[in-house]
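One-letter residues, chain by chain:
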Amino acid sequence: MSVDLNQQPLEGDDESLRAALSGAGLPIDDLTDAGRSFFRFSRDGETVGFGGLELYGEAALLRSIVVLSDRQGFGFGHAITLGLLNQAHRTGAGAAYLLTESTAPFFQSLGFRPIARDEAPSEILTTRQAASLCPASAVLMVRSLPA
């Protein structure tokens, strides 16, 4: 099932983004730091979720992917992730990385695979996500691009 969503850039200080991430237990401490790109994903004018990217040359860090609770179960998580992967690829990334504590099976269904932290580029390991915001128990995953 393919779900078409409208993808709009937004600032890290957007209150709806911050509320959705907080509600999902995702970090919000670095949303306004330089180098982050966030997007609102909507369908028929209604917000269904959010997602973000940090780009480091040929490596992209996917982050802050959340589907609003009343919109879960309709394929929006897949559509948001694929939208972010396409965005990363269009900006020159050849691989996408992410950290997760609870959604590894979901991301594996989209072609991500778990890797040891020492297999990731230093640019990814030194992000605030990898270095301090996500616990050491979080799984690091990678996927080649294009999406």
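Since the structure is predicted, the reported quantities are computational estimates derived from the model, not experimental observations.

Chemist: Could you give an account of the overall build of the protein, with specific residues and numbers?
Modeler: Helix and strand counts for the protein come out as five helices and seven strands. Traced from its N-terminal end to its C-terminal end, the protein shows the element sequence β-α-β-β-β-α-β-α-β-α-α-β. Radius of gyration (C-alpha) of the protein: 14 Å, near the 15 Å computed for a compact globule of 147 residues. Structurally, the protein occupies a C-alpha span of about 40 × 30 × 30 Å along its principal axes. Across the 147 residues in the protein, those meeting the buried criterion constitute 44%.

Chemist: With reference to specific residues and values, describe the layout of surface pockets.
Modeler: Considered as a void within the structure, the largest pocket measures approximately 680 Å³ in volume. In terms of lining residues, the largest pocket is bounded by 31 residues, among which Leu 26, Ile 65, Thr 100, Thr 103 and Phe 107 are the most central. For the lining of the largest pocket, the secondary structure elements donating two or more residues are strand S4 (59–67), helix H2 (76–90), strand S5 (95–100), helix H3 (104–108) and helix H5 (128–133). In terms of residue count, the dominant contributor to the lining of the largest pocket is S4 (seven residues). Along the lines of polarity and charge, the residues of the lining of the largest pocket split into 17 nonpolar, eleven polar and three charged.

Chemist: Before we move on, can you summarise the packing of aromatic side chains with the specific residues and values?
Modeler: Overall, the coordinates contain three aromatic pairs when judged by the stated rule. Taking 4.9 Å as the distance between ring centres and 80° as the angle between the ring planes, the aromatic pair formed by Phe 106 and Phe 107 counts as edge-to-face. Residue Phe 106 is classed as partly exposed on the basis of its relative accessible area of 25%. Ring centres of Phe 107 and Phe 112 lie 5.7 Å apart, and the angle between their planes is 80°; on these two criteria the pair is classed as edge-to-face. Side by side, Phe 107 and Phe 112 carry an identical accessibility label, which is buried. Grouping aromatic residues by their ring pairs yields a cluster made of Phe 106, Phe 107 and Phe 112.

Chemist: Explain the pattern of salt bridges residue by residue, including any values.
Modeler: Across all of its chains, the model carries eight salt bridges by this definition. A salt bridge links Asp 33 to Arg 36; the shortest N-O distance between them is 3.9 Å. With a shortest N-O distance of 3.7 Å, Glu 46 and Arg 71 are connected by a salt bridge. Of this pair, Glu 46 sits in strand S3 (residues 46–56) while Arg 71 sits in the loop between S4 and H2, and the two are 25 residues apart along the sequence.

Chemist: Got a sec to walk through the nonpolar core? Specific residues and values, please.
Modeler: By size, the foremost hydrophobic cluster in this structure holds 23 residues, and its most contacted members are Leu 62, Leu 84 and Phe 112. Residue assignment for this core shows that the elements contributing at least two residues are strand S2 (36–43), S3, S4, H2, S5 and H3. Ranked by residue count, the leading element in this core is H2, at six residues. When neighbours within four sequence positions are excluded, Leu 62 is seen to be in contact with Gly 52, Leu 53, Thr 81, Leu 84, Leu 85, Ala 96, Tyr 97, Leu 98 and Phe 112.

Chemist: Account for the pairing of S5, with residues named and values stated.
Modeler: Among the six residues that make up S5, six are buried, leaving the element largely enclosed by the rest of the structure. Burial along S5 is two-sided: the residues Ala 95, Tyr 97 and Leu 99 and Ala 96, Leu 98 and Thr 100 are all buried. Both S4 and S5 contribute to a ladder of three bridges, which runs parallel. Note that in S5 the partner of Ala 60 across the bridge is Ala 96. In the sheet, S5 pairs with strand S7 (residues 139–144) via six bridges, with the strands oriented antiparallel.

Calculation notes
Residues numbered from 1 in each chain as written. Predicted model: local features only at pLDDT ≥ 70, side-chain atom pairs only at ≥ 80, totals over all residues. Heavy atoms only, no water. Helix = DSSP H or I, 4+ residues; strand = E, 2+ residues; numbered from the N terminus. Rg over C-alpha atoms; globule rule 2.2 N^0.38 Å. Buried < 20%, exposed > 50% of the residue type's maximum accessible area, 1.4 Å probe, protein only. 1 Å grid on protein atoms, 1.4 Å probe; cavity = no way out; pocket = protein on both sides within 12 Å on 5 of 7 lines; lining within 4 Å. Points joined across faces, edges and corners; volume = space filled by probe spheres on them. Nonpolar A, V, L, I, M, F, W, Y, C, P; charged D, E, K, R; others polar. Phe/Tyr/Trp six-rings, centres within 6.5 Å; stacked < 30°, edge-to-face > 60°. Salt bridge = Lys/Arg side-chain N within 4 Å of Asp/Glu carboxyl O. Core = buried A, V, L, I, M, F, W, Y, C linked by side-chain atoms within 4.5 Å. Contact = heavy atoms within 4.5 Å. Pairing = 2+ DSSP bridges.

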